[in-house]
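# Geometric and topological summary
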Amino acid sequence: MQVLDDLWIRIAVWFRGLLESFLPPWAVQLTMDVLGILLLIVLGIVVVLAFTYMERKVIARVGDRIGPNRAGPFGIFQAIADAIKMLTKEDVTPTNADRWLFLAAPIVVIIPAVLLYAVLPLGRGMVGVDLNIAVVFVVAMGGIPILTMLMAGWASNNKYALLGAFRTVAQLISYEVPMVVALLTVVLLAGTMSTVGIVEAQASFPFALVTPVAFVVYMLAGLAELNRTPFDLLEADSEIVAGYFIEYSGMKFAMFFLAEYINLFMVAGMITTLFLAGWQWPILPSWLWFLIKVVLVIFLMMWIRATFPRFRIDQMLGFAWKALVPLSLINLFLVALVAKVLEPGWVRTGVLFVSNLALLAGAIAIMAQVARKREERARAAGEAAIKRYYGSEVR
Amino acid sequence: MQDNYGFLGLYLLIAIAFPFVALGVAYLLRPKRPAPVKSSTYECGLETIGETWVQFKAQYYLYALVFVVFDVETVFLYPWAVAYNRLGLFALVEALIFVGILVAGLAYAWRKGALRWM
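Residues numbered from 1 in each chain as written. Chains lettered and ligands numbered in written order. Predicted model: local features only at pLDDT ≥ 70, side-chain atom pairs only at ≥ 80, totals over all residues. Heavy atoms only, no water.

## Here's the deal with the overall build of chain A
Filter applied, for reference: The helix count covers DSSP runs of H or I at least four residues long, the strand count covers runs of E at least two residues long, and both are numbered beginning at the N terminus. The atom set for the radius of gyration is the C-alpha atoms, and the globule formula is 2.2 Å times the number of residues raised to the power 0.38. Note on classification: 1.4 Å probe, protein chains only; a residue is buried when its accessible area is under 20% of the maximum for its type, exposed when over 50%, partly exposed between these limits. Each accessible area value is a Shrake-Rupley result obtained with a 1.4 Å probe; residue values ignore everything except the protein chains displayed when judging cover. The positive count covers Lys and Arg only, the negative count covers Asp and Glu only, and His and the chain ends enter neither. To locate a charge, take NZ of a lysine, CZ of an arginine, CG of an aspartate or CD of a glutamate.
A count of helices and strands for chain A gives 15 helices and zero strands. At 24 Å, chain A has a C-alpha radius of gyration in line with the 21 Å of a compact globule built from 395 residues. Over its C-alpha atoms, taken along the principal directions, chain A stretches across nearly 95 × 65 × 40 Å. Within the span of chain A, comprising 395 residues, buried residues form 55% of the whole. As displayed, chain A offers around 17500 Å² of accessible surface, 70% of which is attributable to carbon and sulfur atoms. Of the side chains in chain A, 30 bear a positive and 26 a negative charge, and the two mean positions are spaced by 7 Å.

Next comes the structure, spelled out in structure tokens:
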């Protein structure tokens with residue numbers, strides 16, 4: 001087991017030894033760094049291929065279909081066929097588009113997505129760089145795609161694209177606030193912003209148990225940041241066709257697609273790291289645990305996508321500002337208060353868990369109450385309108 | 001510490017190179033046969049009516065304003081959260097007052113209808 005656990009680190013140490021036999025120390029370090037970075041980028045691409053295939057299979061199975069099954073056994077080469085198609089497809093730039101901005105958007109969108117993997121702890125001792133401000137780094141890099149979406153939507157000179165871009169910006173900036181506050185709760189509990197430190201702080205209890213409210217808020221905000229159902233109204237096919245990347249084709253479209261799935265893995269990885277104890281937990285090798293948890297989180301997201309209808313834009317923005325922001329702020333101070341009063345241990349975790357569940361139940365009850373009232377009001381208004389139109393005797 | 005940012009800088013360089021390589025390879029492989037109809041704006045087969053770069057809804061601007069307030073707030077709260085275990089009860093009260101003022105701002109925006117989609 002121990003051998004399996006350090007498998008990748010052992011390979012890296014062995015390879016470094018090999019290099020040291022004929023290279024000066026600085027060249028060894030440089031080569032190792034470059035190889036590590038290339039490995040992380042390749043991991044990103046493999047992840048995209050694997051999860052597009054998985055997504056299509058899962059959605060198909062939920063809808064009682066078979067999904068891709070032509071390219072190779074069980075259709076496993078479907079993603080590779082798609083990649084080849086993307087690479088050899090003609091690239092159309094609309095005549096009316098702002099050419100340079102149109103070209104810049106797909107380039108800028110992929111860079112922060114690729115950079116994010118630097119701080120993701122993939123296993124014990126397996127992290128690109130253990131940055132002491134990793135959480136802020138993730139938030140900062142996560143902010144850049146918002147800009148590129150506006151760039152793409154504006155440059156396309158297409159009304160669907162522009163509408164999609166506006167919706168995206170409104171949605172992403174709204175859900176960034178509860179997401180950042182949920183992250184803040186975790187940082188407060190762990191006492192560090194380093195992703196490795198946060199994983200190590202969850203040795204006894206995963207933070208999903210310590211503060212379920214932050215977990216739920218982060219999960220919902222993560223779905224919104226990824227533009228996935230039920231928050232996918234910026235690329236709602238039935239309303240604005242494809243949103244901000246409607247005019248993109250070929251490799252430029254592939255850049256947006258890559259960034260989307262790389263971010264999917266990143267958000268699932270951050271949920272795993274921040275709330276599900278990352279690579280910790282016994283018996284299996286650390287990197288395998290990480291992968292299992294990430295795949296489970298992504299499966300949950302795909303399940304949600306296959307199950308739920310889409311929000312309307314007013315509902316979506318209202319949910320962010322009127323439900324998630326107050327909830328996450330209350331939770332932050334609840335956690336801060338309990339953390340000040342009680343010492344770390346079973347009692348504190350129990351108190352936090354129970355009070356968080358109570359907070360969540362209260363929030364859901366209030367939301368249900370508001371929804372019921374709103375529905376009653378709408379029904380009364382509708383009946384009044386019918387009465388006005390047909391006269392009082394007709395129902 | 002310096003090594004960390006050196007690594008990130010190297011990573012940034014390679015990350016910037018990545019889309020150029022990908023788009024460059026696609027440029028060499030793909031067919032190039034532009035046509036006026038092909039590169040017209042996609043609008044479900046119709047010609048675009050009127051100007052696309054129009055004035056946009058002011059509502060988006062209000063959300064952006066509220067967002068800026070809260071995002072700056074959370075940046076100030078991160079150091080507080082990291083050092084929280086070493087700070088006294090006073091830190092909690094201070095943060096409560098700080099967030100309280102901002103929540104009052106949110107409540108004001110809410111009450112004024114800035115968060116209602118029209």
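Next comes the rest of the write-up.
## As for the pattern of salt bridges
Residues and elements named next belong to chain A. So the rule is basically this: A carboxyl oxygen of Asp or Glu within 4 Å of a side-chain nitrogen of Lys or Arg is what we treat as a salt bridge.
The full count for this structure, using the stated rule, is four salt bridges over all chains. One salt bridge in this structure joins Arg 305 and Glu 55, with 2.9 Å as the shortest N-O distance. One end of the pair, Arg 305, is in helix H13 (residues 286-307); the other, Glu 55, is in helix H3 (residues 25-62), and 250 residues separate them in sequence. Arg 305 sits in the partly exposed class, given a relative accessible area of 37%. Here Arg 56 makes a salt bridge to Asp 82, at a shortest N to O gap of 3.0 Å. Remark: Asp 82 occurs in helix H4 (residues 78-88) and Arg 56 occurs in helix H3; sequence separation between them is 26 residues.

## Let's talk about the environment of Val 119 of chain A
Residue and element names in this part refer to chain A. Threshold: Whether two residues are in contact is decided by their heavy atoms: any pair within 4.5 Å suffices.
Looking at the secondary structure, you find Val 119 in the loop between helix H5 (99-116) and helix H6 (134-155). The class for Val 119 is buried, based on a relative accessible area of 0%. Here the alpha-carbon distance between Val 119 and Met 149, two residues 30 residues apart in the chain, equals 24 Å. Ignoring anything within four residues of it in the chain, the contact list for Val 119 reads Val 127, Val 129, Leu 131, Ala 134, Phe 137, Val 138 and Thr 195.

## Some remarks on the side chain of Asn 331 of chain A
All names here are of chain A. Basically, it comes down to this: Polar contact is the term for a pair of N or O atoms within 3.5 Å; when the atoms are in protein, one must be able to donate a hydrogen and the other to accept it, and sequence-neighboring residues count only if both atoms are side-chain atoms.
Mapped onto the elements, Asn 331 comes out in helix H14 (residues 313-341). By relative accessible area, which is 1% here, Asn 331 ends up buried. Within the structure, Asn 331 has its side chain in polar contact with the side chain of Asn 356 (distance 3.5 Å). Setting aside anything within four residues of it in sequence, one finds Asn 331 in contact with Thr 185, Thr 211, Val 213, Ala 214, Asn 356 and Leu 359.

## Things to note about unusual backbone geometry
Even without glycine at this site, Asp 64 of chain A takes up a positive phi of about 60°. Residue position: Asp 64 of chain A is located in the loop between H3 and H4.

## Some thoughts on the environment of Phe 137 of chain A
Position of Phe 137 of chain A relative to the elements: it lies in helix H6. Classification of Phe 137 of chain A by relative accessible area gives buried; the value is 11%. Distance in space between the C-alpha atoms of Phe 137 of chain A and Val 119 of chain A is 8.4 Å, their sequence separation being 18 residues. Filtering out sequence-adjacent residues up to four positions away, Phe 137 of chain A remains in contact with Leu 115, Leu 116, Val 119 and Leu 131 of chain A together with Leu 8 of chain B.

## Notes on the interface of chain A and chain B
The following threshold applies: Buried area: the sum, over both parts, of the accessible surface (1.4 Å probe) that disappears when the two are put together. Here the nonpolar group is Ala, Val, Leu, Ile, Met, Phe, Trp, Tyr, Cys and Pro; Asp, Glu, Lys and Arg are the charged ones; every other residue, Gly included, is treated as polar.
Facing the 80 residues of chain A at the interface are 66 residues of chain B. Summed over both partners, the interface of chain A with chain B comes to about 6600 Å²; 76% of that surface belongs to carbon and sulfur atoms. Three residues, Trp 321, Phe 333 and Lys 340 of chain A, lead the burial of chain A against chain B; their summed loss comes to 11% of the area buried on that side. Connecting chain A to chain B are zero salt bridges. The interface formed by chain A and chain B contains three residue pairs in polar contact (both at pLDDT 80 or more). Elements represented by at least two residues in the side of chain A that touches chain B include exactly H3, H4, H5, H6, helix H7 (159-190), helix H12 (250-275) and H14 of chain A. For the side of chain A that touches chain B, the element with the highest residue contribution is H7 of chain A, accounting for 16 residues. Looking at side-chain class alone, the side of chain A that touches chain B contains 55 nonpolar, eleven polar and 14 charged residues.

## Side note on the packing of H3 of chain A against H12 of chain A
Residue and element names in this part refer to chain A. We apply this condition: What counts as an axis is a line fitted to C-alpha atoms, over the stretch in contact for a helix, and the angles between N-to-C directions run from 0 to 180 degrees. Angles below 35 degrees are treated as roughly parallel, those above 145 as roughly antiparallel, those between 65 and 115 as roughly perpendicular, and all remaining angles as oblique.
The N-to-C vectors of H3 and H12 enclose an angle of 90°; their axes lie 9 Å apart at closest approach. Considering their axes alone, H3 and H12 lie roughly perpendicular with respect to each other. Residues Gly 44, Val 47, Val 48, Phe 51, Thr 52 and Glu 55 of H3 form the contact with H12, whose own contacting residues are Phe 257, Leu 258, Tyr 261, Ile 262 and Phe 265. In the contact of H3 with H12, the residues fall into eight nonpolar, two polar and one charged.

## Points about helix H2 (residues 59-82) of chain B
Selection criterion: A helix's residues, less one, multiplied by 1.5 Å, set its expected span. Given a residue, its bend is the angle between the two axes fitted to the seven residues that end at it and to the seven that start from it.
Between the first and last C-alpha of H2 of chain B there are 35 Å, a value that for 24 residues agrees with the 34 Å anticipated at 1.5 Å per step. The largest bend along H2 of chain B reaches roughly 25° and is located at Phe 76 of chain B, with the proline Pro 79 of chain B sitting one to four residues downstream.

## Some thoughts on H13 of chain A
Here H13 of chain A contains 22 residues, and its C-alpha end-to-end distance of 32 Å stays within 8% of the 32 Å for a straight helix at 1.5 Å per residue. Three or more residues of H13 of chain A are buried, namely Ser 286, Trp 287, Trp 289, Phe 290, Lys 293, Val 294, Val 297, Ile 298, Met 301, Met 302 and Ile 304 of chain A.

## A closer look at the nonpolar core
Quick note on the threshold: Residue types Ala, Val, Leu, Ile, Met, Phe, Trp, Tyr and Cys, when buried and joined through side-chain atoms within 4.5 Å, form a set referred to as a nonpolar core.
Judged by nonpolar contacts, the single largest core of 159 residues is most densely connected at Trp 321 of chain A together with Tyr 11 and Trp 80 of chain B. Broken down by element, this core gets its largest block of residues, 22 residues, from H7 of chain A. Beyond its immediate stretch of four places on either side in the chain, Trp 321 of chain A contacts Ser 174, Val 177 and Pro 326 of chain A together with Tyr 63, Val 66, Phe 67, Phe 70, Leu 106 and Leu 115 of chain B.

## Some remarks on the confidence of the model for chain B
Residues and elements named next belong to chain B. The condition is simple: Residue-level confidence of the predictor is what pLDDT reports, using numbers from 0 through 100.
In this model, chain B carries a mean pLDDT of 79, and residues with pLDDT of at least 70 account for 87%. Within chain B, H2 has the poorest average pLDDT of any element, 82, and helix H3 (residues 89-111) the best, 85. Reported for the predicted complex are a pTM of 0.86 and an ipTM of 0.83.

## Here's the deal with the environment of Gly 67 of chain A
All names here are of chain A. Mapping Gly 67 onto the fold places it in the loop between H3 and H4. Residue Gly 67 is classed as partly exposed on the basis of its relative accessible area, which comes to 23%. Separated by eleven residues in the primary sequence, Gly 67 and Arg 56 have C-alpha atoms spaced 6.1 Å apart. In contact with Gly 67, other than residues within four places in its own chain, are Lys 57 and Ala 60.

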